[in-house]
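# Coordinate inspection notes
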Amino acid sequence: MIDFTALSDALSLLGSDPLAWLVVIPGLFIGLIFGAIPGLSISIAMAVFLPATLYMDFLPAILFLTAIFTGGGFGGAVPAILMNIPGTSSAVATAFDGYPMSKKGQHGEALGAGLIASAVGTLFGYIILMFLVGPVSRWVLMLGPTEMLVVAIWGLLLIAVLNDSSFAKGLAAGILGILISTIGYSNTGLMRGTFGSMYLLDGIPAIPALIGLFAASELIGMTGRDYLISDRSLRQVRLKPILAGAAATLRGWPRLLRGSAIGTAIGIIPGVGASVANLASYAAAKNLSAAPESFGHGNPEGVVASEAANSSSEGGGMVTLLALGLPGGAGTAILLGAFAMHNVTGGPRFISDNTDIVYALILGNIVQSILLIAVGMVFVFLASSIVKIRLSYLIPFVLAISMMGTYAITGSMVGPLTVAGAGALGWVMRRYRYPVTATVVGLLIGPMAEGELTRSWQISAGDPAFLLGRPITMVMLAALVLVMAALLITRTYGRAHSPAR
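What you are looking at is a predicted structure, and each value in this text was computed from that prediction instead of being measured.

## Some points on the environment of Ile366
- Examined against the element boundaries, Ile366 turns out to sit in helix 18 (residues 355-383).
- Looking at Ile366, the relative accessible area reads 15%, which means it is buried.
- If sequence neighbours within four positions are ignored, Ile366 has contacts with Leu123, Tyr126, Ile127 and Met130.

Okay, here's the thing in structure tokens:
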């Protein structure tokens, strides 16, 4: 499945172009910084630096942007672990166990585990890409809107699983997120939920809402405390715990590879991306664990599963970008724009005519994943110093950065106002023990589910019997029913036999 002649030509290309390597480390640092600042997402970083690639050759330009992508994949985990504020939507599940570890003084171990999981996940995704890019360019065309709708439903039903509250509260919070995502114009041109306000015609901006639900509500909850970690003896920033967390992650390599495999598989599906991979991998780790009740209370397996998946999904997303010219998410959409800037069109013809360039891109990203360990270790050691800063200084700074970031996203006060409104909603939800994460998941996956439902309805003319002619859809639906039934039975049985509190 590997063209070794083209692989040799790819090595020659990389060896003859020094700029292809000079841009990698700056790109990794840019991605780490943008990913670590709530509101400044990876896609924003890639968009800001896209014009800088105009006068580069094609190979260095794409490697520079993918380095930003790779760095940002881990950068979002830093505030998620230290402050329970995911820097990006793909780091949501990282906060579930990363932040409880920080509160116990295990921030170094959590950051080390996340870094290694992210690097290995990226490495895994691109190695798989090397073997799959050819075959996938053929079979991915078999996925239609009905199959994509089932994938979206999988993501939505995770809402009921990934929470410590009751099933009903998780489902209600998820439905709230879906309802928020439907505000504005629909795919068919209908206006919904705007209450006559022109500012809501484009809907609720997802990233500002995410920042508000997570960041603002969490910052409100932090008021009255002096430091992120109360015990002064645990506020030490040392390299040894970071290395210990990294070593423990490598020792648990089966879990690491499982999360990477889940992320790669989900990343291949166009439009799903790292946000779903992050949550799906966390759910799988929790359900397969011998101690699922420990998840959400500082289990490092949760950090490893989520970070491995969201990083490996990058390689999966590159499969459809290279094979079909279809972006798997915001980051690969910007990469597609970079392709266009250099008069390159992704797809089966691009792979067959430029196999050496494809392999050069893959090999360059494999090296990036290794460099991420060294660059990320320096960045993590500096970033973890945040535990020494008094919250009276940290809270207003983070809130101001978040507000400015959301203003940059929307170009108006809609972003900051959304942060404020979502922050108030998040505080109320936390107060009455409704899972904020479920609302975020519904908000992120809702538009995808609605779009695929609309397309499925159109091509079937509203006839449910159409599904009988889609064997892939039927298999996926059967698997969905079996898995959810097993999860609900396990959950009910576990609660019925758990000791009374």
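## Remarks on the nonpolar core
- Ranked by internal contacts, the top residues of the largest apolar core, which has 67 residues, are Phe74, Val78, Met83, Val92, Leu219, Met222 and Val440.
- Among the elements that make up this core, the one with the highest residue count is helix 11 (residues 206-222) (8 residues).
- Ignoring anything within four residues of it in the chain, the contact list for Phe74 reads Leu32, Leu111, Gly114, Leu115, Ser118, Glu307 and Val380.
- In terms of nonpolar packing, the next biggest core, distinct from the first, is built from 46 residues, Tyr126, Leu322, Ile334 and Phe350 among them.

## Describing the side chain of Ser306
- With respect to the helices, strands and loops of the structure, Ser306 is situated in helix 15 (residues 300-324).
- Classification of Ser306 by relative accessible area gives buried; the value is 0%.
- For Ser306, the side chain forms a polar contact with the side chain of Thr94, separated by 3.2 Å.
- Not counting the four nearest positions on each side in its chain, Ser306 is found in contact with Ala93, Thr94, Asn278 and Ser281.

## As for helix 3 (residues 24-36)
- The terminal C-alpha atoms of helix 3, which comprises 13 residues, lie 18 Å apart, in line with the 18 Å expected from a rise of 1.5 Å per residue.
- Of the residues making up helix 3, those classed as buried are Val24, Gly27, Leu28, Ile30, Gly31, Leu32, Phe34, Gly35 and Ala36.

## As for unusual backbone geometry
- One non-glycine residue, Arg433, lies in the positive phi region at around 60°.
- Judged by relative accessible area, Arg433 falls into the exposed class, the value being 53%.
- A positive phi angle, near 55°, is found at Ala461, a position not held by glycine.

## Regarding helix 7 (residues 94-103)
- The buried count for helix 7 comes to 9 of 10 residues, which makes it a mostly enclosed element.
- Turning to helix 7, its buried residues are Thr94, Ala95, Phe96, Asp97, Gly98, Tyr99, Pro100, Met101 and Ser102.
- In the segment just after helix 7, Gly105 is the residue with positive phi, at about 85°.

## Things to note about the packing of helix 11 against helix 20 (residues 414-431)
- Taken N-terminus to C-terminus, the directions of helix 11 and helix 20 make an angle of 55°; their axes are 6 Å apart at the nearest point. Between helix 11 and helix 20, the angle falls in the class oblique. Of the two possible hands of crossing, helix 11 and helix 20 adopt the one that is right-handed. The residues of helix 20 that touch helix 11, namely those facing Pro208, Ala209, Ile211, Gly212, Leu213, Phe214, Ala216, Ser217, Glu218 and Ile220, are Gly415, Thr418, Val419, Ala422, Gly423, Leu425, Gly426, Trp427 and Arg430.

## Some details on a nonpolar patch on the surface
- A cluster of nonpolar side chains, Ile25, Phe29, Ile33, Leu239, Leu243, Val378, Phe381 and Leu382, forms an exposed patch at the surface whose accessible area comes to about 670 Å².
- Contributions of two or more residues to the nonpolar patch are made by helix 3, helix 12 (239-251) and helix 18.
- Within the secondary structure, Leu382 is located in helix 18.

## A word on the pattern of salt bridges
- The full count for this structure, using the stated rule, is 3 salt bridges.
- With a closest N to O distance of 2.5 Å, Arg192 and Glu450 form a salt bridge. With Arg192 in strand 2 (residues 191-192) and Glu450 in helix 21 (residues 436-460), this residue pair connects regions lying 258 residues apart in the sequence.
- Judged by its relative accessible area of 23%, Arg192 falls in the partly exposed class.

Scoring rules and cut-offs
Residues numbered from 1 in each chain as written. Predicted model: local features only at pLDDT ≥ 70, side-chain atom pairs only at ≥ 80, totals over all residues. Heavy atoms only, no water. Helix = DSSP H or I, 4+ residues; strand = E, 2+ residues; numbered from the N terminus. Buried < 20%, exposed > 50% of the residue type's maximum accessible area, 1.4 Å probe, protein only. Contact = heavy atoms within 4.5 Å. Core = buried A, V, L, I, M, F, W, Y, C linked by side-chain atoms within 4.5 Å. Polar contact = N/O pair within 3.5 Å; in protein donor to acceptor, adjacent residues only side chain to side chain. Expected span 1.5 Å × (residues − 1). Axes fitted to C-alpha atoms, helices over the stretch in contact; angles between N-to-C directions. Parallel < 35°, antiparallel > 145°, perpendicular 65-115°, else oblique. Left-handed = near helix turned anticlockwise from the far one by under 90°. Patch = residues over 30% accessible without salt bridge, like charges linked within 9 Å, V, L, I, M, F, W, Y side chains within 5 Å. Areas by Shrake-Rupley, 256 points an atom, 1.4 Å probe, with all protein chains shown as cover. Salt bridge = Lys/Arg side-chain N within 4 Å of Asp/Glu carboxyl O.

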